[in-house]
Amino acid sequence: MKNIPESLQMIKQRIEAACRRVHRDPKEIEIVAVTKYVSVETTKAALDHGVVHLGESRVQDAIPKWAELGQRGTWHFIGHLQTNKVKDIIGRFAYVHSLDRLSLAAEIEKRGEINNTVTNCFVQVNISGEETKFGLEPKQVLEFVKETSKMKYINLCGLMTMAPYEQEAEETRTIFKQLRELRDELNALQLPRVQLTHLSMGMSNDFEVAIEEGATFIRLGSVLVGNERK
Ligand SMILES: *Cc1c(COP(=O)(O)O)cnc(C)c1O
C-alpha cells in the first residue's frame, strides 16, 4: 500500500507551490482521491488520513466500496456513466463529473426525483478532440447547458475535462486554459440557473498546470493512493 500520509503531504506542498505561482488560495482546491485501482483497505486508509472526496469510475467496483465506506466520504463518479447504471449512483454519489449527453441527464433527473436527491454535475467537455475521449465538443456545450439547467434534480456545478497524457505536463496547459475560458464565457451570459463555479481538471501527471489554469477539483489516483493493479 502506498504511504498515504507521505503522498498527501507531498501533494499539498505541490498544490501550495502551484498556487503561489498564480496567487491563488490553496483552499480553493479540493483533492478527489481516485480509488478506482485500489482496494477497500487503501480507500479506507485514505479516509483515515483526512481525505474527504473519493472518485470512482466503474459502478461495479464502486458499489462494494460504497457499501462499506459510503457514509464516511463524499463520492464522485468520474468515469463514463451508462444510463442503466444511474439508479445505482443517485443518492450515493454527490457528484457526477461525466455528464455528456441529454439521455444521461434525463435519467439523472428521473432518478433524482424518485430519490428526492439533487446531484451535482460537471459537464464533460472533450477539449482535446481526441476520438478516444468522451465529452461534448466545446461548441455543443451552450445548448446542452441551457437544456440541463432546467432540470430540478441536477445542479450544474462546472465543467470537467481530461487532457491527453503528455510527457511534458506543460503541453496540457492550452487544454485547461480553454476549459476555463469556456466556463467564463458561459457564466458571462448570465443564463437563469447557470453558475458554473467549478473546474474539474488535472490528474497525477498534470495537476499543477491545471491549478495554474484555475482547477478547483483535481482528480488524483496514482500519485496519491497508487495503483494496485499494476
Ligand atoms: C483514472 C482517472 C483519474 C486519475 O488518474 P491518475 O493519473 O492515476 O491520477 C482522474 N480522472 C479520471 C476521469 C480517471 O478516469
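Our structure is the block above this text.
Reading the values: rules and limits
- Residues numbered from 1 in each chain as written.
- Predicted model: local features only at pLDDT ≥ 70, side-chain atom pairs only at ≥ 80, totals over all residues.
- Heavy atoms only, no water.
- Near = heavy atom within 4 Å.
- Polar contact = N/O pair within 3.5 Å; in protein donor to acceptor, adjacent residues only side chain to side chain.
- Areas by Shrake-Rupley, 256 points an atom, 1.4 Å probe, with all protein chains shown as cover.
- Nonpolar A, V, L, I, M, F, W, Y, C, P; charged D, E, K, R; others polar.
- Phe/Tyr/Trp six-rings, centres within 6.5 Å; stacked < 30°, edge-to-face > 60°.
- Helix = DSSP H or I, 4+ residues; strand = E, 2+ residues; numbered from the N terminus.
- Buried < 20%, exposed > 50% of the residue type's maximum accessible area, 1.4 Å probe, protein only.
- Expected span 1.5 Å × (residues − 1).
- Arc of directions from axis to C-beta.
- Contact = heavy atoms within 4.5 Å.
- Disulfide = S-S within 2.5 Å.

Caption draft 1: Examining the site of the ligand more closely. In the vicinity of the ligand, the residues found are Val-34, Lys-36, Ile-78, Met-160, Met-162, Met-203, Ser-204, Arg-219, Leu-220, Gly-221 and Ser-222. At 2.8 Å from a nitrogen atom of the ligand is found a side-chain nitrogen or oxygen belonging to Arg-219. At 2.8 Å from an oxygen atom of the ligand is found a main-chain nitrogen or oxygen belonging to Gly-221. When the ligand sits alone it has 390 Å² of accessible area, and the protein chains cover 86% of it. Its residues assigned to classes, the shell around the ligand comprises 6 nonpolar, 3 polar and 2 charged.

Caption draft 2: Up close: the packing of aromatic side chains. Taken as a whole, this structure holds 5 aromatic pairs when the rule is applied. Their ring planes at 70° and their centres at 5.8 Å tell us that Phe-77 and Phe-93 sit as a pair that is edge-to-face. One end of the pair, Phe-77, is in strand E3 (residues 74-77); the other, Phe-93, is in the loop between helix H4 (86-89) and strand E4 (95-99), and 16 residues separate them in sequence. Considered together, Phe-77 and Phe-93 belong to a single accessibility category, that of buried residues.

Caption draft 3: Local environment of helix H1 (residues 4-22). Look at H1: 27 Å from first C-alpha to last across 19 residues, which is about the 27 Å you get at 1.5 Å a residue. If you check which residues of H1 are buried, you get Ile-4, Ser-7, Leu-8, Ile-11, Ile-15, Ala-18 and Cys-19. Seen from one end, H1 has its buried residues packed into an arc of 105°, which puts them on one side. Exposed residues on H1 whose side chains face more than 90 degrees from its buried face are Glu-6, Gln-9 and Arg-20. Looking at the buried side of H1, the elements it contacts are strand E1 (30-34), helix H2 (40-48), helix H8 (207-212) and strand E8 (217-220). The N-cap residue of H1 is Asn-3: its side-chain oxygen and the backbone nitrogen of Glu-6 are 3.1 Å apart.

Caption draft 4: Examining the state of the cysteines more closely. Evaluation of the coordinates by the stated rule reveals 0 disulfides. In this structure Cys-19 is not part of a disulfide, and its nearest cysteine sulfur, from Cys-157, lies 19 Å away. Since its relative accessible area comes to 1%, Cys-19 is described here as buried. Sulfur of Cys-157: no disulfide; nearest cysteine sulfur belongs to Cys-121 and is 7.2 Å away. The class for Cys-157 is buried, based on a relative accessible area of 6%.

Caption draft 5: Spotlight on helix H3 (residues 59-69). Listing the buried residues of H3 in full gives Val-59, Ala-62, Lys-65, Trp-66 and Leu-69. For H3, the buried positions fall inside an angular range of 130° around the axis, keeping them on one side. Across H3 from its buried face, at more than 90 degrees, point the exposed residues Ala-67 and Glu-68. In this fold, the buried residues of H3 make contact with H2, strand E2 (53-56), E3 and H4.

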